[in-house]
Amino acid sequence: MSVFDSLIDQNETVVILKDAVAAAKNNEDESQNMTHAWLFTGPPGSGRSNTALAFAAALLCPDSGCNSCVNCATALKGTHADVELIRTEGLSIKIDEIRELITRASWTPSVAQYRVVIIEDADRLTESAANALLKAIEEPGLRTVWLLCAPTLSDVLPTIRSRTRNVTLRTPSVEAVTKLLESESFSPQISELSAKASQGHIGRARYLANNPEARTRRTDILKLPLTITDIASAFKCAGLLVDAAKREAEADASTRNDAETSALKEAWGQQGSRVVQGGAKAVKELEKEQKSRQTRMVRDYLDRALLDIATFYRDTLLVQNMDNFQASELINTDMEREIRIVAAGTSPEVTLKKLEAIMKTRTNLARNAAPLLAVEALMVQLR
Ligand SMILES: [Zn+2]
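Remember, it's a predicted structure, so these values are computed and weren't measured experimentally.

1. Here we look at the overall build of the protein chain
Then comes step 1: Assigned secondary structure in the protein chain consists of 15 helices and five strands.
Then comes step 2: Computed over C-alpha atoms, the radius of gyration of the protein chain comes to 23 Å, within 12% of the 21 Å expected from 2.2 N^0.38 for 383 residues, which places it in the range of a compact globule.
Then comes step 3: Each principal axis of the C-alpha distribution contributes one length, and for the protein chain these read about 65 × 55 × 40 Å.
Then comes step 4: The burial tally for the protein chain puts 35% of its 383 residues in the buried class.
Then comes step 5: Counting contacts in the protein chain only where the partners sit at least 6 residues apart, residues at least 24 apart contribute 69% of the total.

If you want it as structure tokens, here you go:
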């Protein structure tokens with residue numbers, strides 16, 4: 001057993017990381033296989049942070065990642081005394097956070113050979129935070145290892161890129177994800193459907209396999225554009241989609257927010273409804289963070305919905321461009337009938353334009369466009 005066993009379809013990366021661990025454990029090693037700053041890139045769901053955590057475990061485990069000792073178990077969870085895990089829920093990582101992190105990173109490891117710092121969303125560093133981090137990476141402590149994660153290289157400042165070793169994860173294949181789900185005792189049919197629908201996003205695939213309602217919601221979203229006949233229905237459709245995103249984000253956030261707020265108030269020794277002075281400020285800051293998290297969740301949900309809708313047009317294009325296609329080649333095998341109808345009613349050029357419009361809307365949303373306006377504009381184009 002090895003901590004690297006849980007990485008799906010990432011054989012090249014595992015070889016690189018195992019070589020690095022071997023070099024790190026060997027004092028006489030003169031290879032360049034181990035370095036103190038790494039950058040893991042790969043599409044969402046490819047397992048960037050799991051890869052970083054597995055690497056951390058292998059560096060901290062006396063057996064190079066046996067997957068059964070306390071070091072491995074705690075490192076994989078991010079709770080090992082010598083692992084600093086920065087996981088952001090907000091839209092950005094601020095300079096104060098990075099400054100504190102740099103201080104903690106410089107402490108001598110308590111039990112292991114290294115202190116491993118993992119920044120899950122290095123693409124969310126503000127510019128000043130990134131510059132502060134850069135200094136730490138430029139003059140690293142001998143026993144500190146920095147592991148940064150980001151979707152693509154261009155999401156990270158060039159100066160940081162040039163001082164880190166990049167490892168690119170690939171999108172796990174549908175076959176690999178199907179096999180993984182089957183090994184987790186989902187039926188072959190549910191496994192394949194979920195793996196296809198999630199397009200290599202492991203977490204999403206698992207979520208779909210586990211939740212029949214989520215699968216139904218996904219199908220409902222895919223069918224939304226089919227209801228558009230005129231401008232009015234396009235706006236209605238956009239409204240439905242954005243409302244669904246908001247509802248989902250609110251439901252998800254409210255339980256978490258309440259728990260966080262009461263834990264914080266408790267920590268500050270709340271008496272009745274009064275919180276001591278410093279506490280009130282802390283609660284206010286937490287509420288601000290929670291608000292930005294909710295904004296981000298609405299955007300994330302919409303982005304996923306748009307990607308789902310894009311798979312419908314991708315299937316449509318496939319049907320339009322191939323004389324005899326296999327139904328199994330569709331992503332949405334369960335919607336073959338609808339796909340055929342749309343394919344027969346339009347041209348490949350129109351489908352391509354719709355796909356482009358979806359991708360452009362995703363970019364606009366990522367650049368903070370107002371969600372409702374952006375989705376309305378898109379739905380008009382999908383008519
Ligand atoms: Zn171990």
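On we go.
2. Description of the sheet that holds strand S5 (residues 165-168)
Then comes step 1: Strand order in the open sheet made by the five strands is S2-S3-S4-S1-S5, with parallel pairing throughout. At either margin of the open sheet sits one strand with a lone partner, and together these are strand S2 (83-86) and S5. Neighbour-to-neighbour, the strand axes of this sheet turn through a mean angle of 15°, independent of strand direction.
Then comes step 2: Relative to strand S4 (residues 144-150), strand S1 (residues 37-41) is paired through five bridges, and the arrangement is parallel. The residue bridging Trp38 from the neighbouring strand is Leu147, located in S4.
Then comes step 3: The sheet strands contacting helix H4 (residues 95-105) are S2, strand S3 (115-119) and S4, and the helix crosses S2 at an angle near 170°.

3. Re the environment of Gln10
Then comes step 1: Counting through the fold element by element, Gln10 comes out in the segment before helix H1 (11-25).
Then comes step 2: It is 9.2 Å that separates the C-alpha atoms of Gln10 and Thr51, two residues lying 41 residues apart in sequence.
Then comes step 3: Residues in contact with Gln10, not counting those within four places in the same chain, are Gly47, Thr51, Leu169 and Arg170.

4. Thoughts on helix H9 (residues 202-210)
Then comes step 1: Among the residues of H9, Ile202, Arg204, Ala205, Leu208 and Ala209 are the ones counted as buried. Each buried residue of H9 lies within a common arc of 160° when the element is viewed along its axis, so the set occupies one face.
Then comes step 2: Among the structural elements, helix H7 (174-183), helix H8 (188-198) and helix H10 (212-223) are those in contact with the buried residues of H9.

5. Quick word on the domain arrangement of the protein chain
Then comes step 1: In terms of domain boundaries, the protein chain breaks down into domain 1 (3-168), domain 2 (174-210) and domain 3 (227-382).
Then comes step 2: Each of domain 2 and domain 3 was reduced to a C-alpha centroid, and the two centroids are 21 Å apart.

6. Remarks on the pairing of S4
Then comes step 1: With seven of seven residues buried, S4 is to be regarded as a mostly interior element.
Then comes step 2: Here five bridges tie S3 to S4, and the two strands are oriented parallel to one another. The residue of S4 that forms the bridge with Ile118 is Leu147.
Then comes step 3: Each parallel crossover has a hand, and the one from S3 via helix H5 (residues 127-138) to S4 is right-handed.

7. Looking at the nonpolar core
In summary, soluble globular proteins display a tendency toward joint burial of nonpolar side chains.
Then comes step 1: Ala56, Ala57, Ile118 and Leu147 are the most contacted members of the largest nonpolar core, which totals 48 residues.
Then comes step 2: A total of nine residues in this core trace back to one element, the largest contributor, which is helix H2 (residues 48-60).
Then comes step 3: If near-sequence neighbours (up to four positions away) are discounted, Ala57 is found in contact with Val3, Gly65, Asn71, Cys72, Ala75 and Leu76.
Then comes step 4: Counting 30 residues, the second-largest nonpolar core is a separate cluster that includes Val242, Ala305, Ala310 and Met379.

8. Section: unusual backbone geometry
Then comes step 1: Positive phi is not limited to glycine here, since Asn67 has a value of about 70°.
Then comes step 2: Its location among the elements puts Asn67 in the loop between H2 and helix H3 (70-77).
Then comes step 3: In this structure, Gln199 takes a positive phi of about 50° despite not being glycine.

9. A short note on the environment of Glu336
Then comes step 1: Take Glu336: it is sitting in helix H13 (residues 336-345).
Then comes step 2: Note on Glu336: 13 C-beta atoms within 10 Å, which makes it partly exposed.
Then comes step 3: In this structure, the C-alpha to C-alpha distance between Glu336 and Phe312, residues 24 residues apart in sequence, is 9.7 Å.
Then comes step 4: Apart from residues no more than four positions distant in its own chain, Glu336 is found in contact with Ala327 and Leu330.

10. Notes on the packing of H8 against H9
Then comes step 1: Following both chains from N to C, one finds H8 and H9 inclined at 140°, their axes separated by 8 Å at the closest point. Relative to H9, the element H8 lies oblique. Note on packing geometry: the crossing formed by H8 with H9 is right-handed. Along the contact surface, H8 presents Ile190, Ser191, Ser194, Ala195, Ala197 and Ser198, while H9 presents Arg204, Ala205, Leu208 and Ala209.
Then comes step 2: A breakdown of the residues in the contact of H8 with H9 according to their chemical character gives six nonpolar, three polar and one charged.

11. A look at the environment of Val145
Then comes step 1: Relative to the elements of secondary structure, Val145 occurs in strand S4.
Then comes step 2: Judged by the 26 C-beta atoms lying within 10 Å of it, Val145 falls in the buried class.
Then comes step 3: Spatially, the C-alpha atoms of Val145 and His36 are 4.5 Å apart, while their sequence positions differ by 109 residues.
Then comes step 4: When neighbours within four sequence positions are excluded, Val145 is seen to be in contact with His36, Leu59, Tyr114 and Val116.

About the thresholds
- Residues numbered from 1 in each chain as written.
- Predicted model: local features only at pLDDT ≥ 70, side-chain atom pairs only at ≥ 80, totals over all residues.
- Helix = DSSP H or I, 4+ residues; strand = E, 2+ residues; numbered from the N terminus.
- Rg over C-alpha atoms; globule rule 2.2 N^0.38 Å.
- Buried ≥ 20, exposed ≤ 12 C-beta atoms within 10 Å, placed from the backbone.
- Contact = placed C-beta atoms within 7 Å.
- Pairing = 2+ DSSP bridges.
- Axes fitted to C-alpha atoms, helices over the stretch in contact; angles between N-to-C directions.
- Arc of directions from axis to C-beta.
- Domains from an automatic or database assignment.
- Right-handed = clockwise from strand over helix to strand, strands pointing away.
- Core = buried A, V, L, I, M, F, W, Y, C linked by C-beta atoms within 7 Å.
- Parallel < 35°, antiparallel > 145°, perpendicular 65-115°, else oblique.
- Left-handed = near helix turned anticlockwise from the far one by under 90°.
- Nonpolar A, V, L, I, M, F, W, Y, C, P; charged D, E, K, R; others polar.

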